[in-house]
Structure formats: C-alpha cells, structure tokens
Protein chains: 2
Amino acid sequence: MSARIHARYFIETPYDLEHAAQVMAGEQSSGTFTRLASETDTLREAHGARVESIQRLEVVDQPSLPMRADLAPIAAHRYRRALVEISWPLENLGPSLPNLSSTVAGNLFELKEFSALKLLDLELPSAFVDAYPGPQFGTTGTRRLSGIESGPLIGTIIKPSVGLTPAQTAEMVEQLIEGGIDFIKDDELQANGPHSPLKARVDAIMPLINAHAERTGKKVMYAFNISGDIDEMRGHHDYVVAAGGTCVMVAINSVGLAGVTQLRRHCQVALHGHRAGWGLYSRSPHIGMDFSAYHKMWRLAGVDHIHVNGLRNKFSEEDDSVIASARACQTPLFGASAPDYTVMPVFSSGQSAAQVADTHAALGNTDLIYCCGGGIMAHPGGIAGGVASLRQAWEAAVSGVDLIDFAREHRELAQAMETFR
Amino acid sequence: MSARIHARYFIETPYDLEHAAQVMAGEQSSGTFTRLASETDTLREAHGARVESIQRLEVVDQPSLPMRADLAPIAAHRYRRALVEISWPLENLGPSLPNLSSTVAGNLFELKEFSALKLLDLELPSAFVDAYPGPQFGTTGTRRLSGIESGPLIGTIIKPSVGLTPAQTAEMVEQLIEGGIDFIKDDELQANGPHSPLKARVDAIMPLINAHAERTGKKVMYAFNISGDIDEMRGHHDYVVAAGGTCVMVAINSVGLAGVTQLRRHCQVALHGHRAGWGLYSRSPHIGMDFSAYHKMWRLAGVDHIHVNGLRNKFSEEDDSVIASARACQTPLFGASAPDYTVMPVFSSGQSAAQVADTHAALGNTDLIYCCGGGIMAHPGGIAGGVASLRQAWEAAVSGVDLIDFAREHRELAQAMETFR
C-alpha cells in the first residue's frame, strides 16, 4: 500500500517556515517533541509524514492567535505566513475517517510553533471508496425519491424552530403540501424533545404526505431530524421508513463521524446533513477547517445532502464561499475510475426568488435543494404563490430569460420581485 | 419539566448588546430571522431561550473575526464585548447530548451579528444523569483496575507515534513493565493501521502484561487506541477485554459524541478520552469553546480519563489553563444529590519530575494520570530510573518535603533534576 493522504494548510509562525512545517509533519506521524533513538531513519522514511511544498506568503508583525507568553522573545514581530502541503502514507492509519481526522486535524492545532493553522483541503486515496460507501442516493436518488426530475427541489424549514406540537407541525405541513412544496425539513433544534417527540411528529405528518402521494403520485420529501444517540437514531430511522418517509436528517457535527457513518450503513432513505456548528470551523481565517476539507469527510461518511447557506444569506458567510462550497459538493471526490460521491448542496438562509438568477448563473445547474422560509411564507400569494414564484424564477434562469421579462407573464414571480428585493 | 439549560458566552458585536443577545436566543430556540406570526407570545414564553444576563466589557475598534463586507457601515469601529448568559427550557430538546450540542454550539457561531462568539461554560439539569451513565470507572475504578491505591498513575505513551510493528511495540512494553510503569497508552495516531493492526498489538502486548500480573499481582493498564467506526470499536473493545486488557482509548473529537456514548454503553473497561483536535476549539479567544463547557459533554458521554496537557507543556496551552482544566475534571458535575461524574485528568506533553511539585501544589491531590515520554525514556537511569524519579518527586510533593532535600537521599530524583531542568 503506497498510497498517500495529502493535506494543505494555511500557517503562520514566528519560526523558520521549513522548521515549522517539519514540526507539523513530525508531530502528526512518527515523531515526537524530541527525536528518539527508536525513530530510525528507516522508520521515518517509511512512516514519517512528508512536507511536499511550502509556498511563502506575507510576513506580519503581530500573531493572529495568542502565543504562549514564554515564546515572545522568539517571535520578535516577524510572523511568516505560508501554504504548506503535507502527505502521509495511508499505511499508517488505513482508510479510517476518525483516524484521518486525528491525523490531519488533531494535535497539530495545538502546536506552540504556530500563530495560525487552518486545514484548507484534503486529497484522499481511493482506498477510502472501498472502506466507505459514500452517499447512497445523492442527486439522482433524491430526484427519484421525490419525483422531481428536473430543476431544484423547492423546500422549506418548519418554523418556529421549536415550540410547535406535532399536530401544529402537521397543520403547517398540510398547507405546504397543498402549496406545491417538494421538500420540508425539521429545524436542526427540533429532534426528539419532550414537546415534539420524533415518533409523534412522524405519526402526525406521514399520513398527510402519503395521502397526497396516493392522490397525486408526488411524495413530498420530509427530512425528519433524528439526531441523537446511536440506538435512538437507528430506531427513529426505522420508524420513519416504516411510515413511508423518504429522508432523515442529522446534525453531523453534533453526532460525529462514527455516528453518521454507522447511520449511513443502516440507512434506507436519503440522509440529509445539517452542519450546525459549522461556524466553529469556518469563522476564523486562523484556525479551523475550510469546507473543501470538511465536506469530503462527510461525503465519505455518506450524507446525501449538505447545507451550504445561500447567496446574500443571513449568516456571516460571503457569497463566493457559498458558491465554492456548492460546487465542491458537485465535484467528483476521486478520479474518473471511482464512484463520484457527489452530494446535493442545500441552499438555505434568507433565500427567495430574488437570489435564483444569481445562484443559477454562479452554479450553472439545478442539482440542489433550494430552501426558503420567508421567501415562501411571506409571499403575498401565500405558500402556493411563494412556491410558484420560485419555480418561475428557476425556469427563467434555466431558459436564460431575464427575470423582469418573465415576470410580465408570471404573476407570482412579479409579486416576489416586488416583495423580496 | 421546568428545568433549564444555561450557557455562558463571550461575545463581540457592532450591534447593541441587548439586541445581539436576543438574536442569539432567538436563533437558537423558537425564533428565526424574521418574527413569524406562528411564533406567538405564548409559544415564545414557553420555548424561547432567555437572555439571563449581559455583563458589559470593553469596546474595541476592530472586529476580532472578519465580518461580512456589507456590514461594514453598521460596524463603525465600535465592537462591544460582553459576557452573556442564555438559558433554554430542557423541554425543547430533552437530555440529549447531540441536540445539546446543536443548541448551545450550533448555528449561533455563524450569526452575522458577531465578530466573536465563544462558548465558555454550561450548566445542565440533572435529567442528563438519568439519560447518560457518565464515567464508569473514574478515579476509584481506575485505581482498582490498575492496583495503584494512592499517588498518580505514572504513565507513558508508546513512541514513535507510528511506525513500530506490534512486535517492536511489545518489546518497548516489556521494558516499561520491567521499569515499574503503571499506565501505557497508544499514540492517538496509532489505532488500527495496516502496519500495526489493533488485534496484532493486543496479541503481542497482553501476554506480557498478564504474565507480569500473575508474577507480581500488578496489572499495568494499557490504553489501546480503538478509535474507529462503531462496529470496529465494539469488536476491538471486545478483543481487548477477552485478552484481559483494562482500558481502551478513543480520540473523542474524531469519533464524535454519539460514537463515544455508544461505546461507553458497551464498555467493560476504563475509557480513556484523548482530545486530539482540541486546539480547534481552544486556540482562538474569539471562536470555539472553553474546556469548562467542552469537557462536561464528554463526562456525560462517559469517558473515565481526559487529557489536559501539563505544566510547561510543549503545546500552546498556558499553565493556568492546564490546572483549571484538571480541577474541572475533578469537580462534581451536578449537585450533591447526583453522582459526581468526576474523571481523571491526564497530564501529558513534556512532563518529567521537574513539574511534579508545581503540579501537586496547584492541584492539591494525586488523582491523576501523569504521562511522561522523555521524562522517563531520557532519564540517565533508564526507564526504571525515570519511573522511580517520578514516584520520588510525587512522594516529596505529597509529604511537603522540598525536592532538593528529598533528592539527597533519592538518586533517581537527583538525576532527573539534573537532566530535566
């Protein structure tokens, strides 16, 4: 097994860059703080991580993250930035997601030599394909389960986030179904609390979805939030499946890699990945993980959908980051000889017909789930008007017709353009 | 169920502090970006998170984390800092660790209103005790399993980190056992790679530990790193137990909350929690999570030991943070009426006899695992000398005898003081 794992980092250090990169490689493989006699050259050659490249960037005069007080004399107001690529022999750890995480995103974040260290990207050998099944449904399977053959799935989130009883939730679901929605999801805060137990929600909601499917042939996809302990998730998954559901949702950071992997191996429906807590990884340029690296682990673990925010969203993420993330989800994970493990990006947060044209122009396709809250609920034509306005906006975008022209003959779109500027 | 979950945060925002805190509370409970008609006052009263207090701190003129470009006009060079306490009705989520994580450490990290947001501490209702068994062995059980009735467990980590075969690892273990060690752990990078499969390691190591136990009555505790997927961990746990092992180790961040909880429910031996990746939570003062909040979730999940670095360690953590973390591990998690869920702190990284007196003085007890690499291996008297020097240093510290005086009659300690300054 001669395959290697590659990872790219942004670093900042008061030390010599070559030295600092070697510290990272050493700490994360055969080395320790002091070179031991037992770390022979042969062992190091076979199992040491390798510094593949160092691309120097600017020098700054203040550390971006606090450094230990006793290191101040070393620093002397010169903090060197660089992009560093490090590689590991797969033989050290094998194709294991938790151990990959310990290797590329473990102790190195704590190394005293660095005043910034962020994991930017990962390149993995195809042995991971044999070890992890990846997404079970992805775009094609999600389209099949939901009956939406083209265009994005138009979706929404049950709001208020928490506080509705199962019966109140079902009332809202009924209105959404009648309004023509394709996809509905629980809020990430609504899983299995005493006020709205998962099974009671399934009991209240699925008969409505099933009845509508029998009547019309269209089965609305409802992502039930089953985030919880392992046995609980397994039981709730089975309950959703038995009731005819087509999707379960998990808060991936909260459940963790091993839990999501286990759920995927058991799962019979689409697995919707919510990334609550993502800001902890993404908000600082100086510590954490870029989406490029982050989402690859979850694709391997096997989610079918991942959230990416949306253009002009209500969070802190910039538009170019949103689009880069969505593109990443749609890019094959390995070479052409392996399954592509692509997943559907989920656009959400402050979305309405107003962002559709720009989203399509930036992404170039409709293989996505487009979730709107106010963009549907606050439409002057009600839920049906909101959903129609979104379909019209996507139709215009895909056809290359200007939204203003298209709105002349599509009232709901015109109303949306008036309401959501 | 009227119990509430409390969380404290450090925040920084260009918005009015009262408004910003309400945004946090709203986003993480019944609210969404726009107040919906369905979020009635009654619902909000029953399920909304509540801002319990705001303690104003300084105002700074630059944002600590980058804010979205379009918010620059709002900011106007006044970023207000504060400590905020928010509480949630337990009824929203129930005593569920993954959903606790989504609630107190979820979307709020992404809120555009904040240029810093760090979770500082958590206070949980005792319903979590009924839902999670917590540590199975803790200090008392670890002492029973290892036969070390008083004083710290003197431990070490197998190094090189990766690269040794199972046979080479066993050779080292043999020397360590003969040297009088109490505790040995795998490196966090050494789990079940092709070069040193877990089962082969168990096969090579446990006969040595068992033979020594039969000869002397002392069973050295070996923390086998079984981090991996759920079924793999379960199988490896069973293999360790069948071979007579007394401890398994997991990289808790890499495995995740649901996985560690599941392992704990199955576990028959001490569960050693390694926090590889901890720097991602801790290194920035402006995003992430303090140990106070972090370790409570893992104690509930059920680890028996958690790493805390050590005084004058080789990482970026300051000494006061190390001691605060160790004390936190030893502080009861709930009131006097509940089990205390205390865990053993694991001191590690650059430790030797040189830090013992200060560690004891700061902590005031010996309920800990004290891991040394070079502090044992590089001792002039070899492994036995290193281990002896550590026991002597702890004996002096506990007896209140000055190390220099004690070293006059204890050669190994004298050597250590000469070697590790």
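Visitor: How should the overall build of chain A be read in this particular structure?
Guide: Looking only at helices and strands, chain A has 19 helices and 13 strands in total. By its C-alpha atoms, chain A is 75 × 45 × 45 Å across when sized along the principal axes. In chain A, which comprises 421 residues, the proportion classed as buried is 63%. For chain A, the exposed surface amounts to about 14,300 Å²; the carbon and sulfur share of it is 49%.

Visitor: Even after reading the chapter, I still don't get the side chain of B:Glu113, so can you show me in this structure?
Guide: Residue and element names in this part refer to chain B. Note on placement: Glu113 falls in the loop between helix H4 (97-104) and strand S4 (116-123). Residue Glu113 is classed as buried on the basis of its relative accessible area of 7%. There is a polar contact of 2.8 Å between the side chain of Glu113 and the side chain of Lys112. The contacts of Glu113, once residues within four sequence positions are left out, are Glu12, Thr13, Pro14, Tyr15, Val23 and Met67.

Visitor: Mind showing me how you'd approach the nonpolar core here?
Guide: Most often, soluble globular proteins have nonpolar side chains that are buried together. With 232 residues, the main nonpolar core has A:Val104 and B:Val104 as its most contacted residues. Filtering out sequence-adjacent residues up to four positions away, B:Val104 remains in contact with B:Ile5, B:Ala7, B:Tyr9, B:Trp88, B:Leu119, B:Leu122 and B:Met297.

Visitor: For this particular structure, what's the right way to read the packing of aromatic side chains?
Guide: The geometry of an aromatic ring pair is captured by the separation of the ring centres together with the interplanar angle, meaning the angle of the planes. Tallied over the entire structure, the rule returns 20 aromatic pairs over all chains. Residues A:Phe291 and A:Tyr294 carry aromatic rings whose centres are separated by 6.2 Å and whose planes lie at 40° to one another, so their mutual orientation is tilted. Of this pair, A:Phe291 and A:Tyr294 both sit in helix H13 (residues 291-301), separated by three residues, roughly a single helical turn. Classification of A:Phe291 as buried rests on a relative accessible area of 6%. On the accessibility criterion, A:Tyr294 (2% relative accessible area) is buried. Centre to centre, the rings of B:Trp278 and B:Tyr294 are 4.6 Å apart; their planes meet at 45°, and the pair counts as tilted. Placement of B:Trp278 in helix H12 (residues 278-282) and of B:Tyr294 in helix H13 (residues 291-301) is noted, with a sequence separation of 16 residues between them. A single burial state applies to B:Trp278 and to B:Tyr294, both of which are buried.

Visitor: Looking at this structure, I do not really get the interface of chain B and chain A. What am I missing?
Guide: By convention, interface size is frequently given as the accessible area that disappears when the constituent parts associate. Taken together, the contact between chain B and chain A spans 92 residues of the former and 92 residues of the latter. Along the contact surface separating chain B from chain A lie two salt bridges. Notably, a salt bridge pairs A:Arg265 with B:Asp229, separated by 3.8 Å at the nearest N-O pair. Elements supplying a minimum of two residues to the side of chain B that touches chain A: helix H2 (41-47), H4, helix H9 (230-242), helix H10 (252-255), helix H11 (257-266), H12 and strand S10 (287-289) of chain B. Looking at which element gives the most residues to the side of chain B that touches chain A, the answer is H11(B), with six residues. Grouping the constituent residues of the side of chain B that touches chain A by class yields 37 nonpolar, 39 polar and 16 charged.

Visitor: Where do I start with the relation of the copies chain B and chain A in this structure?
Guide: The relation between the two copies of this chain is a rotation about an axis and a shift parallel to it. Least-squares fitting of chain B to chain A yields an RMSD of 0.0 Å, with the superposition described by an axial translation of 0.0 Å and a rotation of 180°. Those values place the two copies in the arrangement expected of a two-fold rotation axis. Relative to the rotation axis, the closest C-alpha in chain B is found at B:Gly256, a distance of 1.9 Å. Interface residue correspondence from chain B to chain A reaches 100%, placing this contact among same-surface, isologous pairings.

Visitor: Even after reading the chapter, I still don't get helix H14 (residues 319-330) of chain B, so can you show me in this structure?
Guide: Each full turn of the α-helix corresponds to 3.6 residues, which orients residues three or four apart in the same direction. Residues and elements named next belong to chain B. Over its twelve residues, H14 runs 17 Å from end to end, which matches the ideal 16 Å to within 8%, given 1.5 Å per residue. Every buried residue of H14 is accounted for by Val322, Ile323, Ser325, Ala326, Ala328 and Cys329. Against the buried residues of H14 lie H13, strand S11 (305-307), strand S12 (344-347) and helix H15 (356-363).

Visitor: Can you walk me through the pattern of salt bridges in this structure?
Guide: When the charged atoms of two side chains with opposite charge come close together, those side chains can pair. This model, assessed by the stated rule, comprises 36 salt bridges over all chains. Measuring nitrogen to oxygen at the nearest pair gives 3.3 Å for the salt bridge that ties A:Arg421 to A:Glu418. Residue classification places A:Arg421 among the exposed positions, given a relative accessible area of 77%. Linking B:Glu52 and B:Arg50 is a salt bridge whose minimum nitrogen-to-oxygen distance equals 3.4 Å. Looking at B:Arg50, the relative accessible area reads 40%, which means it is partly exposed. Overlapping salt bridges bring together A:Glu12, A:Glu58 and A:Arg81 as one network.

Visitor: What am I meant to see in the domain arrangement of chain A here?
Guide: Residue and element names in this part refer to chain A. Along its sequence, chain A is organised into domain 1 (4-131) and domain 2 (138-420). Listed by partner, the interface residues are 24 residues for domain 1 and 22 residues for domain 2. Counting the surface lost from both domain 1 and domain 2, the interface buries some 1,800 Å², and carbon and sulfur atoms represent 68% of this. Where domain 1 touches domain 2, the interface holds two salt bridges. One salt bridge connects Lys118 with Asp290, and the closest N-O pair in it is separated by 3.8 Å. Linking domain 1 with domain 2 are ten residue pairs in polar contact (both at pLDDT 80 or more).

Visitor: Which parts of the structure should I look at to understand the packing of H11(B) against H13(B)?
Guide: Between two packed helices, the angle of one axis relative to the other and the distance separating the axes together describe the packing. Residue and element names in this part refer to chain B. Remark: H11 packs on H13, axes separated minimally by 8 Å, with the N-to-C direction vectors making an angle of 35°. From H11, Leu257, Val260, Thr261 and Arg264 reach across to H13, where they touch Met297, Trp298 and Ala301. Looking at the contact of H11 with H13 residue by residue, the classes come out as five nonpolar, one polar and one charged.

About the thresholds
- Residues numbered from 1 in each chain as written.
- Chains lettered and ligands numbered in written order.
- Predicted model: local features only at pLDDT ≥ 70, side-chain atom pairs only at ≥ 80, totals over all residues.
- Heavy atoms only, no water.
- Helix = DSSP H or I, 4+ residues; strand = E, 2+ residues; numbered from the N terminus.
- Buried < 20%, exposed > 50% of the residue type's maximum accessible area, 1.4 Å probe, protein only.
- Areas by Shrake-Rupley, 256 points an atom, 1.4 Å probe, with all protein chains shown as cover.
- Polar contact = N/O pair within 3.5 Å; in protein donor to acceptor, adjacent residues only side chain to side chain.
- Contact = heavy atoms within 4.5 Å.
- Core = buried A, V, L, I, M, F, W, Y, C linked by side-chain atoms within 4.5 Å.
- Phe/Tyr/Trp six-rings, centres within 6.5 Å; stacked < 30°, edge-to-face > 60°.
- Salt bridge = Lys/Arg side-chain N within 4 Å of Asp/Glu carboxyl O.
- Nonpolar A, V, L, I, M, F, W, Y, C, P; charged D, E, K, R; others polar.
- Least-squares fit on C-alpha atoms with pLDDT ≥ 70 in both.
- Expected span 1.5 Å × (residues − 1).
- Domains from an automatic or database assignment.
- Buried area = accessible area lost by both parts, 1.4 Å probe.
- Axes fitted to C-alpha atoms, helices over the stretch in contact; angles between N-to-C directions.

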